[in-house]
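Structure at a glance
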Amino acid sequence: MASRFQAPRGTFDVLPEQGRARARLERAAAEIFARAGYEPVATPAFEDTALFERGVGKSTDIVRKEMFTFEDKGERSLTLRPEGTAPICRAYLEHGMHKLAQPVKLSYLGPFFRHERPQAGRYRQFHQLGIECIGTDSPLADAEVIMLLSDLLGELGVPGVELRLGSLGSLESRRAYLEDLKAHLHAHEGELSRDVRERIDVNPLRAFDSDDEGTRAVMESAPTIVGQLDGEDAEHFAEVRALLDAAGIAYAVDPTLVRGLDYYTRTIFSFVCDALGAQSEIGGGGRYDGLIEQLGGPATPAVGFAAGIERILLALDEEAPAAGRDAFVAIADPGQRGRAMALAVELRHAGISVEVDLAGRGLKGQLKHANRIGAARVLILEADGSAQLRDMETGEQRAADPGNLVDEMTGGGS
Ligand code: AMP
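Conventions used here
Residues numbered from 1 in each chain as written. Predicted model: local features only at pLDDT ≥ 70, side-chain atom pairs only at ≥ 80, totals over all residues. Heavy atoms only, no water. Buried < 20%, exposed > 50% of the residue type's maximum accessible area, 1.4 Å probe, protein only. Helix = DSSP H or I, 4+ residues; strand = E, 2+ residues; numbered from the N terminus. Pairing = 2+ DSSP bridges. Core = buried A, V, L, I, M, F, W, Y, C linked by side-chain atoms within 4.5 Å. Contact = heavy atoms within 4.5 Å. Axes fitted to C-alpha atoms, helices over the stretch in contact; angles between N-to-C directions. Phe/Tyr/Trp six-rings, centres within 6.5 Å; stacked < 30°, edge-to-face > 60°. Near = heavy atom within 4 Å. Polar contact = N/O pair within 3.5 Å; in protein donor to acceptor, adjacent residues only side chain to side chain. Areas by Shrake-Rupley, 256 points an atom, 1.4 Å probe, with all protein chains shown as cover. Nonpolar A, V, L, I, M, F, W, Y, C, P; charged D, E, K, R; others polar. Salt bridge = Lys/Arg side-chain N within 4 Å of Asp/Glu carboxyl O. Domains from an automatic or database assignment. 1 Å grid on protein atoms, 1.4 Å probe; cavity = no way out; pocket = protein on both sides within 12 Å on 5 of 7 lines; lining within 4 Å. Points joined across faces, edges and corners; volume = space filled by probe spheres on them.

Brief notes about the pairing of strand 6 (residues 125-134)
- Taking burial as the measure, the 10 residues of strand 6 include nine buried ones, the bulk of the element.
- Note that strand 6 and strand 11 (residues 302-308) share seven bridges and pair antiparallel. When the sheet's bridge partners are listed, Ile-134 is paired in strand 11 with Ala-302.

Written out as structure tokens, the structure is:
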């Protein structure tokens, strides 16, 4: 019977067939990040609203329109985190990580919340995994972060992935460039969409992301920052590219690439998968050399990425089949219940996947159930303390040594 309750708009339930694919993804990511020395951390699901206003930027869509903000009972304004980088930088400062050997390399995974219009690949609660490499401005760090996401998508087998790469320059050159861009937009004000026109002075970069035809035409002749990077920024960008070339990672330089968060400087990148349709970005990130200072810390360069777990799973479009079990412990007599549970625990400790009948079935029903869950072998515990071992594929059954049941199972003795 369906309940009258449903998951809220823009959210979803993860059912076992999807949960298995998700677990595989999370394991692959955890291994890849750990092998490169990125330590897993976690921050709360909500933070002071001001952290995002300051960190992500008041003029961004995220802060203007998409935050789930509420007051707690002490009338403090809190916000369900819309992204992970500002919270990690907050934690980095709060716990004095700037005093450790740099860079500090962190990874995370968890739910994020944005009040967006729901559609395929866009939800109000979604999950991201990501890494942050904090405390170095070396282009090697930019390249490593990009290579790790590339590696993860490659290992999972995500098809048709393209990497777009851009650079926004340092904070100063970005500032100078923004003045040029604003001048260009003001000169064409009449041709721009209302939304872009109203934000020329607060967030001119977003004009590159507009779907509006008039705006797009104006942007074709707009100055690009990649085209006017100065000395050190140009060198930094060239080195990131050379490192990616050396690693054999294909990319396209996209001078119109912008990201929806204010904190980016220098390198920005985006992995897209065309099979995904409108929401084609699987993951992206970049360098944010000004963010930690912006949050009140010492000037600290950093680079990272976030990837959408649901987007990766959509691109993979596969459901992992249910894994069978190594064994099932069947209880032929209720007096054997305690022994069965203890044996299951012991077998699990020995690395064997095993289930016990929890539903009070008769022996026949238990064998049927063992078959249904794909158990390879069944251990039948008899009333007199003896045991039988049944191979579910061949149907062969033999007596097992009741004193050595774990050995019987781990030694492959059937
Ligand atoms: P961002 O934090 O905006 O740079 O996004 C990083 C990644 O998170 C994107 O590339 C998407 O894969 C994913 N993502 C962002 N917003 C959503 C959303 N509303 N629903 C699902 N995935 C999202």
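A short note on the nonpolar core
- Counting residues in each nonpolar core, the largest one holds 85 residues, and the members touching the most others are Phe-33, Leu-129, Phe-269, Phe-305 and Ile-312.
- Among the elements that take part in this core, helix 5 (residues 139-156) stands out by supplying nine residues, more than any other.
- In terms of nonpolar packing, the next biggest core, distinct from the first, is built from 18 residues, Ala-327, Ile-352, Ala-387 and Ala-400 among them.

Quick notes on the sheet that holds strand 9 (residues 265-273)
- One open sheet holds the eight strands; their spatial order is 1-5-6-11-10-9-7-8, and the pairing between them is mixed. The open sheet terminates on both sides in strands that have one partner only, identified here as strand 1 (39-40) and strand 8 (252-253).
- Note that strand 5 (residues 104-113) and strand 6 share 10 bridges and pair antiparallel. Residue Leu-106 lies in a different strand from strand 6, and its bridge partner there is Glu-132.
- Sheet strands in contact with helix 5 are strand 5, strand 6, strand 7 (161-167), strand 9, strand 10 (281-287) and strand 11, and its direction is about 10 degrees off that of strand 9.
- The strands touched by helix 11 (residues 309-316) within the sheet are strand 5, strand 6, strand 9, strand 10 and strand 11, with strand 11 carrying the most contacts at an inclination of about 50 degrees.

Quick notes on the packing of aromatic side chains
- Applying the stated criterion to the full structure yields eight aromatic pairs.
- Judged by centre distance (6.0 Å) and plane angle (75 degrees), the ring pair of Phe-46 and Phe-70 falls under edge-to-face. One end of the pair, Phe-46, is in strand 2 (residues 46-48); the other, Phe-70, is in strand 3 (residues 69-71), and 24 residues separate them in sequence.
- By relative accessible area, Phe-70 is classed as partly exposed at 33%.
- Put simply, the rings of Tyr-108, Phe-112 and Phe-126 pair up and form one aromatic cluster.

Focus: helix 11
- Of all eight residues in helix 11, seven are buried, a share of seventy percent or more.
- Just beyond helix 11, the residue with positive phi is Asp-317, at close to 45 degrees.

Details of the site of the ligand
- Inspection of the region around the ligand gives 15 residues, with Arg-114, Glu-116, Arg-259, Glu-281 and Ile-282 positioned closest.
- Within the side chain of Glu-116, an N or O atom sits 2.6 Å from a nitrogen atom of the ligand.
- Within the backbone of Gly-283, an N or O atom sits 3.3 Å from an oxygen atom of the ligand.
- If the ligand stood free it would expose 490 Å²; the protein chains cover 93% of that surface.
- Secondary structure elements with two or more residues in the shell around the ligand: strand 6, strand 10 and strand 11.
- Classifying every residue of the shell around the ligand by side-chain character gives five nonpolar, four polar and six charged.

Things to note about the pattern of salt bridges
- Tallied over the full model, the rule gives 23 salt bridges.
- We note a salt bridge from Glu-179 to Lys-182, for which the minimum N-O separation is 3.3 Å. Here Lys-182 and Glu-179 lie together in helix 6 (residues 171-187), a separation of three residues that amounts to about one turn.
- Glu-179 sits in the partly exposed class, given a relative accessible area of 47%.
- Under the relative-accessibility criterion, Lys-182 is labelled buried at 15%.

Topic: the domain arrangement of the chain
- The domains assigned to the chain are domain 1 (16-169 + 225-316) and domain 2 (327-410).
- Once you take the C-alpha centre of each, domain 1 and domain 2 turn out to be 48 Å apart.

As for the sheet that holds strand 12 (residues 325-331)
- One open sheet holds the five strands; their spatial order is 13-12-14-15-16, and the pairing between them is mixed. Two strands bound the open sheet, and with one partner strand each, they are strand 13 (354-356) and strand 16 (397-400). When the angles between neighbouring strand axes are averaged without regard to direction, this sheet yields 25 degrees.
- Here five bridges tie strand 14 (residues 375-381) to strand 15 (residues 387-391), and the two strands are oriented antiparallel to one another. Each residue of the ladder has a partner; that of Arg-377, found in strand 15, is Asp-391.
- Of the strands in this sheet, strand 12, strand 13 and strand 14 are in contact with helix 12 (residues 337-349), which crosses strand 13 at around 165 degrees.

Focus on empty space enclosed by the protein
- Within this structure, the stated rule accounts for three cavities of 30 Å³ or more.
- Its volume calculated, the largest cavity comes out at about 60 Å³.
- Along the wall of the largest cavity there are 10 residues; nearest its centre are Arg-174, Leu-205, Arg-259, Leu-261 and Asp-262.
- Per-class residue counts for the lining of the largest cavity are three nonpolar, three polar and four charged.
- Considered as a void within the structure, the second largest cavity measures approximately 40 Å³ in volume.
- Forming the boundary of the second largest cavity are Gly-166, Ser-167, Leu-168, Tyr-177, Leu-205, Phe-208, Ile-225, Val-226, Asp-254, Pro-255, Leu-257 and Val-258.
- Partitioned by chemical class, the residues of the lining of the second largest cavity number nine nonpolar, two polar and one charged.

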